[in-house]
Amino acid sequence: MALVDPRNNEYDVNKLGTASIVGHVSTDSARIWIRVYKAGEWALVWSEKALVGDLFTLDDKPIELFLKNQGGDPKNILSYKFSEDSDLTNTFDIANLKPNTTYYYYLMSQKPTSKSMWRRTEIGYQKLYSFTTMAQSMPDFSFGFYSCHDPFNANNSNGAWPLFLSRANNAKVRFVIGGGDQVYVDCQENKYFPDIWEWLQNNKDDLITAFTKDGKLLTAGLDAYLLSLYRWYYRVYWNFPQMQEIFSKTPQYMIWDDHEIMDGWGSRTNKERLEILSRYFKKDDPDIDQQLINSMWNAARTAYFEYGHSHNPPTNIVRSLLKTPEKCVWDYNFMKGTTPFYVLDLRGHHDVERAKNRLLGDDQVDRFLGWLDTPPVKKSKIVFVVSSVPVVHWRSIVLTAGSLINSLKDDFMDEWDHPSNHVERNLLLEKIFAAFDAEGRTLVFLSGDVHCAAAFRLQHQIYRRANVYQITSSAISRMPAGQTVSGAIAKSGTLSGNDNVQFEHLFSHSEDKNFAIFHVKNSDSITVDLCWPGGTEGEAVIKTLELK
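Along each chain, residues carry numbers from 1 onward, in the same order as the chain's sequence is written. With the structure being a predicted model, the display of local features is reserved for residues of pLDDT at least 70 and the display and counting of side-chain atom pairs for 80 or more, all residues being used for whole-chain, interface and lining totals. Working from all heavy atoms in the structure, the side-chain values ignore hydrogens and water.

**Digging into the domain arrangement of the protein chain**
The following threshold applies: In this document the domain limits rely on a domain assignment from an automatic tool or a database. Residue contacts are counted whenever heavy atoms from the two residues lie within 4.5 Å of one another. What gets called buried area is simply the loss in accessible area from a 1.4 Å probe that two parts show on being joined, summed for both. Whenever a carboxyl oxygen of Asp or Glu lies within 4 Å of a side-chain nitrogen of Lys or Arg, that contact is scored as a salt bridge.
Along its sequence, the protein chain is organised into domain 1 (27–132) and domain 2 (141–547). Its C-alpha centre places domain 1 at a distance of 33 Å from the equivalent point of domain 2. In this complex, domain 1 contributes 17 residues to the contact, which on the side of domain 2 involves 14 residues. Summed over both partners, the interface of domain 1 with domain 2 comes to about 1,300 Å²; 42% of that surface belongs to carbon and sulfur atoms. Its largest share of buried area at the contact with domain 2, domain 1 owes to Arg31, Trp33 and Asp87, together 39% of the area lost on that side. Connecting domain 1 to domain 2 are one salt bridge.

Have a look at this one:
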């Protein structure tokens, strides 16, 4: 039987052809991610002034001369030969920029127009694309936060993206953080998108046959095929106009969560992952199933690197390192003015079978605690930490009961508040409260995952001056959790498994798709607007909280 490709609806959905993402931007540098429709050499061009004239043919001149004739710097060009090896993607690193300056960028070709390339300017031809570098001093700034993008779960709806774009523009946000689940390769009940793991279970015999020769599984071909599937999800999920609009002009910082890989990735034992591929009344080869899982994991992290991570602040990851996942560093940090940010990775090294530090792994725990002790963090009155899963959200009794239900077990074991993660969580909280107590400083956790908006304040019995908040915004386009779960959200009380920490429930809303806009003032105070569509004409309903 021929292999059933999960993309057999190829003509029913639109996919990214050419697109751009403004990634990490500092005072003097910028990372620009590009996907182009056609392999070959393309050039990223940037200028302080918008280019005019014949962008269609560039007056049949080399790019350098066309740029120079408009008063631009002919050195503001970076070229790259795009290929299918990286799914026609690349991240350009631009250096030597001016602080707090707007630059327009373009993707151009040195080749003349032809039947296969009818214009020389592919990006920047029909509308302006730009980014603005950070200022040397940024006491006041705003930024956006979203998570859980799954429009296909919600009848192909744009969700809260149109409102997010409008509010972000009004607030003049300097950057946006994507807090996980930027795509969903699983958990689908949509004709356009099969759950990729269900597809694998149902079609693995045909898949194995297609990639077996002389009794040997051809792992290179298998890996390439599965990678093409994961890439396809990104290309379809990210082809929404308001999403692309904000991606292409506002610096983006991203981190993955489980749905870029597998529902509950890291919270299932290897045996439980193998059981996902097992079938009733059919013979399964556990060695082959293990190879399939390994290949899927390889595909998931490679696609995430290409689409989500490569435009973040650089870590140690290069393409050749992706084959050794234990060495990959996905967590990172950055500064905006004097305000530090740390983005934790809760998936790349999440392993429920590890003796300790199951969520982050030993090395990441050490990196984070070391970062807490660095001078910029110790001097700042406010600090932000992104954790794709909230530190506090569900009532502890819900976590305990849910962990006993097989279909919910992995979801609840993802949580910091699950008993299996208490030691790791308590270590981090103790270090945070101790570090922030002396001068009464503030740390804010930013999270997604739970398909609700929520806010909590955490306080320590010993370190009473430290201020720690949990702000959660989820989901921007996937269906919200709904009113029925409101009773499962934690109320004020003592943190389960830690008698020293109390939490206060400040707000929660589980009925609408949502996002958050944060406002920093004087580098020492924070307000957050939790926003969702509502009102008589779909305008934003806003809950503003002062974090003090």
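**Digging into empty space enclosed by the protein**
Formally: For each structure, a 1 Å grid was placed over the protein atoms alone; sets of points admitting a 1.4 Å probe that cannot get out are labelled cavities, open sets with protein on both sides within 12 Å along at least five of seven lines are labelled pockets, and lining residues have an atom within 4 Å of a point. Grid points are joined across faces, edges and corners, and a volume is the space filled by probe spheres set on the points. Only DSSP runs of H or I with at least four residues qualify as helices, and only runs of E with at least two residues qualify as strands; both kinds are numbered from the N terminus onward. Residue classes follow a fixed rule: Ala, Val, Leu, Ile, Met, Phe, Trp, Tyr, Cys and Pro count as nonpolar, while Asp, Glu, Lys and Arg count as charged, and any other residue, Gly among them, counts as polar.
Inspection of the entire model under this criterion finds two cavities of 30 Å³ or more. Within this model, the largest cavity holds a volume of roughly 60 Å³. Lining the largest cavity are Leu344, Phe368, Val391, Trp416, Arg425, Leu428, Leu429, Ile432 and Phe445. By residue number, the principal contributor to the lining of the largest cavity is helix α12 (residues 422–437), which donates four residues. Residue composition of the lining of the largest cavity, grouped by class: eight nonpolar, no polar and one charged.

**Section: the pattern of salt bridges**
Our working rule: With a 1.4 Å probe rolled over the protein chains alone, any residue whose accessible area is under 20% of its type maximum counts as buried; one over 50% counts as exposed, and the rest are partly exposed.
Applying the stated rule across the entire model yields 17 salt bridges. Across the pair Asp289 and Lys204 runs a salt bridge whose closest N-O atoms are separated by 2.9 Å. Note that Asp289 is positioned in helix α7 (residues 286–309) and Lys204 in helix α3 (residues 196–210), a separation of 85 residues in sequence. For the residue pair Asp289 and Lys204, the accessibility class agrees, reading buried in each case. We note a salt bridge from Arg231 to Glu306, for which the minimum N-O separation is 2.7 Å. Remark: Glu306 occurs in helix α7 and Arg231 occurs in helix α4 (residues 219–237); sequence separation between them is 75 residues. By relative accessible area, Glu306 is classed as buried at 1%. Look at the salt bridges and you will find they share partners, linking Lys127, Glu245 and Lys249 into a network.

**With respect to the nonpolar core**
To keep it simple, the criterion reads: To form a nonpolar core, buried Ala, Val, Leu, Ile, Met, Phe, Trp, Tyr and Cys residues must be joined to one another through side-chain atoms within 4.5 Å.
Grouped together as the largest cluster of nonpolar side chains are 123 residues, with contacts concentrated most on Ile177, Trp238, Phe384 and Phe518. The element best represented in this core is α4, accounting for 11 residues. Here this core spans two domains, and each of domain 1 (27–132) and domain 2 (141–547) adds at least three residues to it. Leaving out residues up to four positions away in the same chain, Ile177 has contacts with Phe143, Gly144, Phe145, Tyr146, Tyr253, Phe334, Phe341, Val386 and Leu446. Grouped together as the second largest cluster of nonpolar side chains are 39 residues, Trp371, Leu372, Leu428 and Val485 included.

**Section: the pairing of strand β15 (residues 339–343)**
How we decide: The rule for pairing is simple: two strands pair if DSSP sees at least two bridges between them.
Where burial is concerned, most of β15 is hidden: five out of the five residues are buried. On β15, burial covers both faces: Thr339, Phe341 and Val343 on one face and Pro340 and Tyr342 on the other are all buried. In terms of strand pairing, strand β14 (residues 332–336) meets β15 through five bridges, oriented antiparallel. What sits directly across from Phe334, in β15, is Phe341.

**A few points about the side chain of His349**
We count it as follows: Any pair of nitrogen or oxygen atoms within 3.5 Å is treated as a polar contact; in protein, a donor-acceptor pairing is required on top of that, and neighbouring residues in sequence qualify only through side-chain atoms on both sides.
With respect to the helices, strands and loops of the structure, His349 is situated in the loop between β15 and α8 (362–372). On the basis of relative accessibility, which here comes to 15%, the residue His349 falls in the buried class. One polar contact links the side chain of His349 to the main-chain carbonyl oxygen of Cys328, over a distance of 2.6 Å. Once residues within four sequence positions are removed from consideration, His349 is found in contact with Pro325, Glu326, Cys328, Trp330, Arg354, Arg358, Leu359, Leu360 and Gly361.

**Points about the sheet that holds strand β20 (residues 493–494)**
Applied cut-off: For every element, the axis is a line fit to its C-alpha atoms; helices are fit only across the contacting stretch, and the angle between N-to-C directions ranges from 0 to 180 degrees.
Taking strand neighbours across the sheet as the criterion, the eight strands line up as β14-β15-β16-β17-β19-β18-β21-β20 in an open arrangement whose pairing is mixed. Strands with a single pairing partner mark the edges of an open sheet, and in this sheet they are β14 and β20. In the sheet, strand β17 (residues 442–447) pairs with strand β19 (residues 467–473) via six bridges, with the strands oriented parallel. Note on β19: the bridge partner recorded for Leu446 is Ile471. Here α8 sits on the sheet and contacts β14, β15 and β16 (382–386); the angle it forms with β15, its principal contact strand, is near 175 degrees.

**Concerning α4**
Rule in force here: To estimate how far a helix should reach, multiply one less than its number of residues by 1.5 Å.
Here α4 contains 19 residues, and its C-alpha end-to-end distance of 27 Å stays within 8% of the 27 Å for a straight helix at 1.5 Å per residue. Judged by how many residues are buried, α4 sits mostly within the fold: 14 of 19 residues are covered.

**Re the packing of α3 against α4**
To keep things clear, this is the line we draw: An angle counts as roughly parallel when it lies under 35 degrees, as roughly antiparallel when it exceeds 145, as roughly perpendicular when it falls between 65 and 115, and as oblique in every other case. Handedness of a crossing follows from how the near helix is turned relative to the far one, being left-handed for an anticlockwise turn of less than a right angle and right-handed for a clockwise one.
Where α3 meets α4, the axes come as close as 14 Å, and the angle between the chain directions of the two elements is 150 degrees. In terms of axis orientation, α3 runs roughly antiparallel to α4. When you trace α3 past α4, the crossing you get is right-handed. Between α3 and α4, the contacting residues are Ile196, Trp197, Trp199 and Leu207 on the first element and Leu222, Tyr225, Leu226, Leu229, Tyr230 and Tyr233 on the second.

**Focus: the sheet that holds strand β23 (residues 525–533)**
With respect to topology, six strands assemble into an open sheet ordered β13-β10-β9-β22-β23-β24, the strand pairing being mixed. If you trace the sheet from one side to the other, it starts and ends with β13 (252–254) and β24 (540–547), each paired once. Looking at each pair of strands side by side, their axes are set apart by 20 degrees on average, direction ignored. Across three bridges, strand β10 (residues 175–178) lies against β13 in parallel orientation. Looking at the pairing, Gly178 lines up with Met254 of β13. Of the strands in this sheet, β9 (141–146), β10, β22 (515–521), β23 and β24 are in contact with helix α2 (residues 161–171), which crosses β22 at around 10 degrees.

**Here's the deal with α7**
Between its first and last C-alpha, α7 extends 32 Å over 24 residues, near the 34 Å set by a 1.5 Å rise per residue. With 18 of 24 residues buried, α7 is to be regarded as a mostly interior element. Measuring from the backbone nitrogen of Asp287 back to the side-chain oxygen at the start of α7 gives 2.9 Å, which picks out Asp285 as the cap.

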